[in-house]
Amino acid sequence: MRSVDDLIAEGVSGRRVLLRADLNVPLDKSTGAITDDGRIRASLPTLQALRDAGARVIVAAHLGRPKGTPDPQFSLAPVAARLGELLGTAVPLAADVAGDDARAKAAALGEGDVLLLENVRFEAAETSKDDAERGELADRLAALADLYVDDAFGAVHRKHASVFDVAERLPHAAGRLVARELEVLTRLTQDPDRPYVVVLGGSKVSDKLAVIEALLPKVDRLLVGGGMCFTFLAAQGHGVGGSLLEADQVDTCRRLLAEAGDRIVLPVDVIAATAFSADAETSVVPVEEIPDGRMGLDVGPRTVELFGATLGDARTVFWNGPMGVFELAPFQAGTRGVAQAVGAVDGLSVVGGGDSAAAVRVLGLDEDAYGHISTGGGASLEYLEGRQLPGLAVLAGRAGE
């Protein structure tokens, strides 16, 4: 797989480079302001390297899930403004994805200039399952540039026009962020330093079942928190009150517990609340004593201590998914405590993107405490499951396999 640095060494000065970046940042629903610019900042090393080498950079990205048609609430305008601030230069936004305005603005770029195309998901063809429909959009995108660089790791598990089909039409390479993600994830899958501990949270067992099945044979300990822990607790025979429960997954969790033995570590206490609210009445209860009228919304202090002790001698850690509803102040302590324990690991600590990465920033934790914070939660999990990711396969020339 060629890298962007290979392209730069060959010479990109004056050439138009279509850079697929992951700029899918969260926005405040009332103001439209960016609430976490982590993904924009993560795109800067590749973008700046191309600028410094004299490339004319055309950035393609998506935001949210518009329904294949222009929607002002999903415009990349705030992203263009923030990107310009970080780069210290104006970043114009094309009025369309690959239409007349995009072509005109791309043609006007000088060396080192940057253009941001409007949200690629404003075109229904971007996410179409029809090869010909995606191909038509890919043809228009490819016509804007001479070279293609994919640095959108958070989208490489999607067979989308700007991720997969464009790479079949232009000389292509992986950006620095994609290369770093692959380097780290490869270390997790190929002979990791031990003890190797995985921490999984989030809402549903069903969302993480495939990665649990894939990782269990490889890990020394699997710590389970978040809403998904209650299905495991139910499999142990505990009542979970009004907590989130996937009844159809209880038998599966029972099987996993039997196969893993003491390698799966579950919470021993939880924060139980009367309602899903920051104002709800709460209490710390052992997992065997969750009242019928309460729901578990965070792991408790004894669990944080237990998980921290289990992480204490780890040499490799992968963490994906919060321990509780960290967006609400009364239920932040579990995620904070476990995140701090992950950051204190003497070895490789990887935060697996998505809500975990958001939690690190929302809770004001030191990002430098972690070996790597992934920008792609779904892509990271699918890679660890052993799936072939379309965006990576095409870069490596294996798309037809």
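Residues numbered from 1 in each chain as written. Predicted model: local features only at pLDDT ≥ 70, side-chain atom pairs only at ≥ 80, totals over all residues. Heavy atoms only, no water.

A. Here's a closer look at the pattern of salt bridges. For the coordinates displayed, the defined rule picks out 27 salt bridges. As a salt-bridge pair, R20 and E126 come within 3.9 Å of each other at their nearest N and O atoms. Residue R20 is located in strand β1 (residues 16-20), and its partner E126 is located in the loop between β3 (114-116) and α5 (131-142); the two are separated by 106 residues in the primary sequence. As far as burial versus exposure is concerned, R20 and E126 are alike and both buried. (Salt bridge = Lys/Arg side-chain N within 4 Å of Asp/Glu carboxyl O. Helix = DSSP H or I, 4+ residues; strand = E, 2+ residues; numbered from the N terminus. Buried < 20%, exposed > 50% of the residue type's maximum accessible area, 1.4 Å probe, protein only.)

B. Representation of helix α2 (residues 38-52) in the model. Across its 15 residues, α2 extends 22 Å between first and last C-alpha, which sits within 8% of the 21 Å expected from 1.5 Å per residue. Taken as a whole, α2 carries its principal kink of about 40° at L44; the proline P45 stands between one and four residues after it. Looking at α2, one finds that the buried residues are G38, I40, S43, L44, T46, L47, A49, L50 and R51. Trailing α2 by a residue or two, G54 shows a phi angle of about 90°, which is positive. (Expected span 1.5 Å × (residues − 1). Bend = angle between axes of the 7 residues up to and from the residue.)

C. Broad picture of the sheet that holds strand β13 (residues 348-351). Spatially, 6 strands are ordered β8-β7-β6-β12-β13-β14 in an open sheet, and the strand pairing comes out parallel. Each edge of the sheet is formed by a strand with only one pairing partner; in this case those strands are β8 (264-265) and β14 (372-373). Where strand β6 (residues 196-200) and strand β12 (residues 316-320) come together, 5 bridges link them in parallel fashion. Bridging from a neighbouring strand, Y196 pairs with T316 of β12. Against the sheet, helix α7 (residues 176-189) contacts β6, β12, β13 and β14, and its axis sits at roughly 120° relative to β13. Where helix α12 (residues 333-343) meets the sheet, its contacts fall on β6, β12 and β13, and the angle it forms with β12 comes to roughly 150°. (Pairing = 2+ DSSP bridges. Contact = heavy atoms within 4.5 Å. Axes fitted to C-alpha atoms, helices over the stretch in contact; angles between N-to-C directions.)

D. Here's a closer look at the nonpolar core. Grouped together as the largest cluster of nonpolar side chains are 77 residues, with contacts concentrated most on L18, L117, L141, L222, F232 and I264. Looking at this core, the element that brings in the most residues is helix α9 (residues 229-235), giving 6 residues. When near neighbours in sequence (up to four residues on either side) are disregarded, L117 contacts L18, I58, V59, A60, L76, L93, A94, D96, V97, A102, L141 and L144. Grouped together as the second largest cluster of nonpolar side chains are 28 residues, I40, A61, A80 and V149 included. (Core = buried A, V, L, I, M, F, W, Y, C linked by side-chain atoms within 4.5 Å.)

E. Representation of the packing of aromatic side chains in the model. Counted under the stated rule, the structure contains 0 aromatic pairs. The ring of F164 has K159 sitting right over it, with the charged end atom 4.9 Å from the ring centre. (Phe/Tyr/Trp six-rings, centres within 6.5 Å; stacked < 30°, edge-to-face > 60°. Lys NZ or Arg CZ within 6 Å of the ring centre and 35° of its normal.)

F. Inspection of the packing of helix α8 (residues 205-215) against helix α14 (residues 377-385) at higher detail. One can describe the packing of α8 onto α14 by two numbers: an axis separation of 8 Å at closest approach and a directional angle of 40°. Judged by the twist between their axes, the crossing of α8 over α14 is left-handed. Residues K208, A210, V211 and A214 of α8 pack against L381, L384 and E385 of α14. Residues of the contact of α8 with α14, tallied by class, amount to 5 nonpolar, no polar and 2 charged. (Left-handed = near helix turned anticlockwise from the far one by under 90°. Nonpolar A, V, L, I, M, F, W, Y, C, P; charged D, E, K, R; others polar.)

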